[in-house]
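# What the coordinates show
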Amino acid sequence: VRRRVEQIYERLLATLVDDAGIAALAAEVADVARRPTIVLDEYFRVQVTVPDDEATQQIGHDVGATLAAGDPRALGARPAAPFWLAAENESAEALIVPLRLRGTPAGYLVLGGGGEVTDLDRQVAERAARVLGIELAKQRAVTEAQLRLQGDFLDDLLSGSYPSEEAMLARARWMGHDLGRPHVLLAVSVEELNARPSGSQRLQAADLVRTEVLRLTPGALLRERQDCLAVALPRGNAPTSEEALELAERLRRRLASLLTSGHVTIGVGRHHPGIGGLADSYREAEQALAIGRALLGGDRSVHFETLGVQRLLFQLRDNPELASFYEDLLGKLQAHDERQGAELVNTLEAFFECHGNHVRTAQRLHLHRNTLLYRLDRARSVLGVDLDDAETRLALQVALKIGRVIGRRGLDGAPTTTT
C-alpha cells in the first residue's frame with residue numbers, strides 16, 4: 001500500500017509541476033479512488049467535479065450545504081484529518097479532507113460514493129489534499145497579484161493619476177484590457193446585518209462579490225475604494241441606462257441570494273465616452289449608491305440618471321437653507337401630524353406622486369375618496385395654501401424631498417426626531 005500510495009503521490013506531483021490545474025488533479029484522484037471527486041472552495045462552493053455530470057454536482061452542492069451549516073471539523077476547529085460525512089441513515093456518504101494553507105481552511109476535497117473505505121483510499125486522499133492545497137495556494141497568489149495590478153490600474157484611472165491617455169491605453173493593452181470599449185461603472189456596497197461582522201464574514205462578502213462580478217463579465221476591473229467596490233464592466237456597445245441598470249440588478253440579485261446576512265446596494269453611473277469619461281461615470285455611480293443607501297433604503301440598484309432633483313439636494317444636504325425651507329413650507333403640517341397622530345404630510349406626498357389624481361391616491365393609501373378629500377382640505381387649512389396653484393405644488397414637492405434628504409422624514413414617511 002505504501003509503494004502504491006507513493007506512486008500515486010508522484011503522479012499528482014507531476015501533474016502539479018505541469019501546471020495542469022485543479023481539474024486535472026481532481027481527475028487523477030478520481031481515477032485512483034474510483035469515486036466521484038469534488039473540490040469545494042473555502043466557502044463550500046463547488047469548483048470542480050469529476051465526472052462533470054449533474055449527479056456529481058448535486059453531491060457537491062449537498063455536501064457544501066451541510067458543511068456550511070456549521071460542521072466544526074470543516075470550519076477548522078480540528079486538525080486537517082479526513083472525516084466521513086454521514087447520510088441521514090448514518091451510512092457513509094462522503095469522505096471529506098480539508099485543504100489547508102498555513103493552518104486555515106482553503107477548500108475541501110470530497111470523495112463521494114459511500115461504501116467501504118480502504119487504507120489506500122484514506123492515504124491517497126490525504127496526499128491529494130496536500131497537492132491540491134499547493135495548487136490552491138498557487139492559484140490564489142496569481143489571482144491576488146492580478147487583482148492588485150487591476151486594482152491599482154483602475155484606481156489610477158478613476159482618480160485621473162496618469163501621465164497621458166496614451167500611456168493608460170498601452171498599460172491596459174499590456175494587461176489584456178481594451179479601454180476603447182464602452183464600460184458600465186458600478187459602485188457596489190455590501191452592508192452586513194450583524195452589528196460587528198467578523199473578519200471572515202467581511203472577506204467572504206468581498207470574495208463573493210469579486211467572484212460573481214468576474215462570472216458576469218470575465219474582463220471586469222475591480223478595486224476596493226473606501227466602503228464599497230468599484231467595478232468597471234466592459235461592454236460591446238455603449239449601453240443604454242436601462243441596459244446598465246438591468247446588468248447591475250442582475251448582479252445585485254445574485255449577490256443577495258448568496259449573501260443571506262447583508263444588504264446589497266449598487267449605484268450605476270451614466271455612460272461617458274473616452275478614458276476621462278470613466279472617472280465621471282464612477283463619480284456618478286458613487287453618488288447614486290450614497291443616495292440609494294441614505295434615502296431609498298438600500299437593497300436596490302440605483303441609476304444616477306433616474307435620481308432627478310435628489311442629485312442636487314443630496315449635495316446640499318448640509319446647507320442650513322434646506323432645513324429652513326422645509327420648516328417654512330411643511331413645518332406646521334408636520335407639527336400637526338405629530339400632535340394629532342395624523343398622516344397629512346404622507347397624504348400630500350402620495351397626492352403629488354399620483355399627479356393630483358384623487359382616485360389613484362385613494363387607492364394607493366387604501367382610503368375612501370371622501371376621507372382623502374377631507375385630509376387634503378385639512379392640509380390646505382393647516383398650511384394656508386392653495387394646492388391648485390402650480391408654484392405652490394412645486395415648492396411643496398421640493399420640500400417633501402428635502403425632508404428625506406435632511407432626515408426630517410424617515411424612509412417610511414414618518415417624521416424623525418431632531419435635536
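So, on to the overall build of the protein. Within the protein, the secondary structure is distributed over 14 helices and 10 strands. Looking at the protein as a whole, 42% of its 419 residues are labelled buried. Of the roughly 21,700 Å² that the protein leaves accessible, carbon and sulfur atoms contribute 48%.

Moving on: the nonpolar core. Nonpolar side chains in soluble globular proteins tend to end up buried together. With 29 residues, the main nonpolar core has Leu330, Leu333, Leu348, Phe352 and Leu396 as its most contacted residues. Looking at this core, the elements that each hand over two or more residues are α8 (275-295), α9 (310-315), α10 (320-340), α11 (344-353), α13 (369-383) and α14 (390-405). Residue contacts for Leu396: discarding those within four places in its chain leaves Leu329, Leu330, Leu348, Phe352, Leu383, Val385 and Leu387.

Turning our attention to a nonpolar patch on the surface. The grouping of Val309, Leu312 and Leu316 at the surface amounts to a nonpolar patch, some 230 Å² of accessible area in total. If you trace the backbone, Val309 turns up in the loop between β10 (301-303) and α9.

Glancing now at the pattern of salt bridges. As enumerated under the stated definition, the model contains 21 salt bridges in all. The shortest N-O distance in the salt bridge between Asp19 and Lys138 comes to 2.9 Å. One end of the pair, Asp19, is in the loop between α1 (2-17) and α2 (22-33); the other, Lys138, is in helix α4 (residues 119-159), with 119 residues separating them in the sequence. On the basis of relative accessibility, which here comes to 53%, the residue Asp19 falls in the exposed class. For Lys138, a relative accessible area of 30% puts it in the partly exposed group. One connected set of salt bridges, linked through shared partners, spans Arg11, Glu28, Asp31 and Arg34.

On to the environment of Ala14. Along the chain, the position of Ala14 falls in helix α1. It is 9.7 Å that separates the C-alpha atoms of Ala14 and Leu25, two residues lying 11 residues apart in sequence.

A few words on α1. Compared with the 22 Å implied by 1.5 Å per residue over 16 residues, the 22 Å span of α1 between its first and last C-alpha is a close match. Where α1 is buried, its residues meet α2 and α4.

As a packed pair, helix α12 (residues 358-365) and α13 sit with axes 9 Å apart at the nearest point and diverge in direction by 100 degrees. The orientation of α12 with respect to α13, classified from their angle, is roughly perpendicular. Listed contacts from α13 to His358, Thr361, Ala362 and Leu365 of α12 are Arg369, Leu372, Leu373 and Leu376. The residue inventory of the contact of α12 with α13, partitioned by class, reads 5 nonpolar, 2 polar and 1 charged.

What follows concerns the packing of aromatic side chains. As enumerated under the stated definition, the model contains 2 aromatic pairs in all. Seen in terms of ring centroids, Phe44 and Tyr108 are 5.3 Å apart; in terms of plane orientation they differ by 20 degrees. Their pairing is stacked. Placement of the pair is Phe44 in the loop between β1 (37-41) and β2 (46-50) and Tyr108 in strand β5 (residues 104-112), with a sequence separation of 64 residues. The same class applies to Phe44 as to Tyr108, namely buried.

Where α10 contacts α13, the axes come no closer than 9 Å and their chain directions differ by 120 degrees. When the axes of α10 and α13 are compared, the pair comes out oblique. As α10 packs across α13, the resulting crossing turns out to be right-handed. Counted together, Leu329, Leu330, Lys332, Leu333 and His336 of α10 and Arg378, Ala379, Val382 and Leu383 of α13 form the full contact between these two elements. Here the contact of α10 with α13 is composed, by residue class, of 6 nonpolar, 1 polar and 2 charged.

All right, on to the pairing of strand β8 (residues 228-234) then. Burial analysis of β8 places 7 of its 7 residues in the buried class, which makes it a mostly covered element. Alternating positions in β8 separate into two faces, Cys228, Ala230, Ala232 and Pro234 on one and Leu229, Val231 and Leu233 on the other, with burial throughout. Taken together, the 5 bridges between strand β7 (residues 221-225) and β8 define a ladder with antiparallel strand orientation. Paired with Arg223 across the bridge in β8 is Ala230. Between β7 and the antiparallel strand that follows it, β8, lie 2 residues; Gln226 among them carries a positive phi value of about 55 degrees.

The rules we used
- Residues numbered from 1 in each chain as written.
- Predicted model: local features only at pLDDT ≥ 70, side-chain atom pairs only at ≥ 80, totals over all residues.
- Heavy atoms only, no water.
- Helix = DSSP H or I, 4+ residues; strand = E, 2+ residues; numbered from the N terminus.
- Buried < 20%, exposed > 50% of the residue type's maximum accessible area, 1.4 Å probe, protein only.
- Areas by Shrake-Rupley, 256 points an atom, 1.4 Å probe, with all protein chains shown as cover.
- Core = buried A, V, L, I, M, F, W, Y, C linked by side-chain atoms within 4.5 Å.
- Contact = heavy atoms within 4.5 Å.
- Patch = residues over 30% accessible without salt bridge, like charges linked within 9 Å, V, L, I, M, F, W, Y side chains within 5 Å.
- Salt bridge = Lys/Arg side-chain N within 4 Å of Asp/Glu carboxyl O.
- Expected span 1.5 Å × (residues − 1).
- Axes fitted to C-alpha atoms, helices over the stretch in contact; angles between N-to-C directions.
- Parallel < 35°, antiparallel > 145°, perpendicular 65-115°, else oblique.
- Nonpolar A, V, L, I, M, F, W, Y, C, P; charged D, E, K, R; others polar.
- Phe/Tyr/Trp six-rings, centres within 6.5 Å; stacked < 30°, edge-to-face > 60°.
- Left-handed = near helix turned anticlockwise from the far one by under 90°.
- Pairing = 2+ DSSP bridges.

Read these as layout, nothing more, since geometry by itself doesn't imply function.
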